[in-house]
Amino acid sequence: MMRRLIVITLLLLFAAQSALAQLAYDQGAFILTLGQDTIGVEKYTRIPGRVFGESLVTEGSVRHRYFDVHFLENGIIQRMEQLFYEIDAAGNEVLSSHETIIYDVDSTHFTNVVNTSSPPNPSLASSYSVPGGNHLILMQIPIFSVFESLSIWMLSNERDKEEVRLPWGTTQQPVMLEIIRPNLLTIDNPSTMGVVRAHLDAQGRLSTLEGTGTARMSYIARRIPLSIVDSLVSKLRVSNKLLKGVHSPRSQAETIIGGTHVRVDYGRPSIRGRKIFGSLVSWDRVWRTGANGSTLFEVNQNIVVGGQKIPAGRYTLWSIPSMSGWTLIVNKQTGQWGTDYDESEDFVRLPMNIKSLAESVEQFTISIDLQDGARILKMAWENTEAWVSIDEN
């Protein structure tokens, strides 16, 4: 009986050690999609205290990143090193930058060497530090294996919540990682990102990570077999046409109205197979009215919008889409990111007319048009068009 008990105990210990070994030594891969488009792929190797690998992501051009991340025993990051390569039209890799990030107790130190093609200075180096040490994490895309390392550590140490810090300019924002149930981790940063949901397997590895509907991370990452990575990498390396350029390029709508120069500068997101209004863009909530940076509205003389006089100057445009009608917001603050809306800076809020479109508009468009003999400031995306009158003072 005793011999059997010893055998059973040894088998259980062996099984536990095998499970820990599988957790500590691992390889995997992720695909990153934006709507129906493939925009990136990552593969990684995990060994005790370290994750390293490479990723490709498209943003107008194809960028190849090699990364190496070291962790302390308590699961937080100690050091991170990255090499970035741009891939030219011929498929050649050109080193663009080398970044090293070292975390200590109360601060994080960045060193970045950027290669240039202008002799006699072939590279430019910069170093700086920001407050916040070992609990500062870079929410970079796509290094999902770093998220995965944190989720594995949380599950293995029975930690339901863990707060890390997100560098934001010269400041930092709190990011709360919370295991809602064994197979679901939420990454919550309400100030700049929103809630990202990560679905986990029994070991804490990522199955999917969904940022759909958030302000900054509207993509989906999925675990894929390593066997298909090479074919995906080849497609991304040889073609920059998967996204037809930058994901949400800037564009301008300009005109002259009675001697007044009117200019709107905005980001143009695309549908890419997604449901937009009521899903990606929530009903009855302030929207940046574009993508990425805030939408700039500039007039060199007084103008009348929606019956309201707008003095000459620079503003940002925001909106509140609703099923019954939109609201246009003219805000006095400029230069901010598209999630940094400050209601106290509002100059005026104006009602907008809306109508349904028979044909879908793939890419968000702002224009200044003539309608029934009158000028209108018009916005169109998916199957919705919204507009307000605009005229000389």
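Everything numeric in this text was worked out from a predicted model, so none of it was measured.

Reading the values: the criteria
Residues numbered from 1 in each chain as written. Predicted model: local features only at pLDDT ≥ 70, side-chain atom pairs only at ≥ 80, totals over all residues. Heavy atoms only, no water. Phe/Tyr/Trp six-rings, centres within 6.5 Å; stacked < 30°, edge-to-face > 60°. Helix = DSSP H or I, 4+ residues; strand = E, 2+ residues; numbered from the N terminus. Buried < 20%, exposed > 50% of the residue type's maximum accessible area, 1.4 Å probe, protein only. Pairing = 2+ DSSP bridges. Axes fitted to C-alpha atoms, helices over the stretch in contact; angles between N-to-C directions. Salt bridge = Lys/Arg side-chain N within 4 Å of Asp/Glu carboxyl O.

Here the focus is the packing of aromatic side chains. Enumeration over the complete set of coordinates arrives at 14 aromatic pairs. When the centroid spacing of 6.0 Å and the interplanar angle of 90° are considered together, the rings of Phe 277 and Trp 287 count as edge-to-face. Taken together, the residues span a long stretch of sequence, with Phe 277 in the loop between β16 (260-267) and β17 (295-299) and Trp 287 in the loop between β16 and β17 at a distance of ten residues. Measuring from centroid to centroid gives 6.1 Å for Phe 277 and Trp 381, while their planes differ by 85°, and the two rings are edge-to-face. On the criterion of sequence distance, the pair formed by Phe 277 in the loop between β16 and β17 and Trp 381 in strand β23 (residues 374-392) is long-range, its members being 104 residues apart. Across the pair, exposure class does not vary: Phe 277 and Trp 381 are buried alike. Taken together, the ring pairs in this structure connect Tyr 266, Phe 277, Trp 283, Trp 287, Trp 326, Phe 364 and Trp 381 into an aromatic cluster.

Each strand in a sheet pairs with another by means of backbone hydrogen bonds, the pair being arranged parallel or else antiparallel. The sheet built from nine strands is open, its strands ordered β15-β16-β17-β20-β21-β22-β23-β18-β19 with antiparallel pairing. Single-partner strands in this sheet number two, and they are β15 (250-257) and β19 (308-310). Averaged over neighbouring strand pairs, the angle between their axes works out to 35° when direction is ignored. Direction of pairing for β16 relative to β17: antiparallel, over a ladder of four bridges. Within β17, the residue paired with Val 264 across the bridge is Phe 297.

Before going further, it helps to spend a moment on the pattern of salt bridges. If you walk through the whole model with that rule in mind, you get 18 salt bridges. Put simply, Asp 265 and Arg 263 hold a salt bridge, and the shortest N to O gap is 3.5 Å. Among the residues examined, Arg 263 registers a relative accessible area of 22% and is labelled partly exposed. Notably, a salt bridge pairs Glu 343 with Arg 349, separated by 3.7 Å at the nearest N-O pair.

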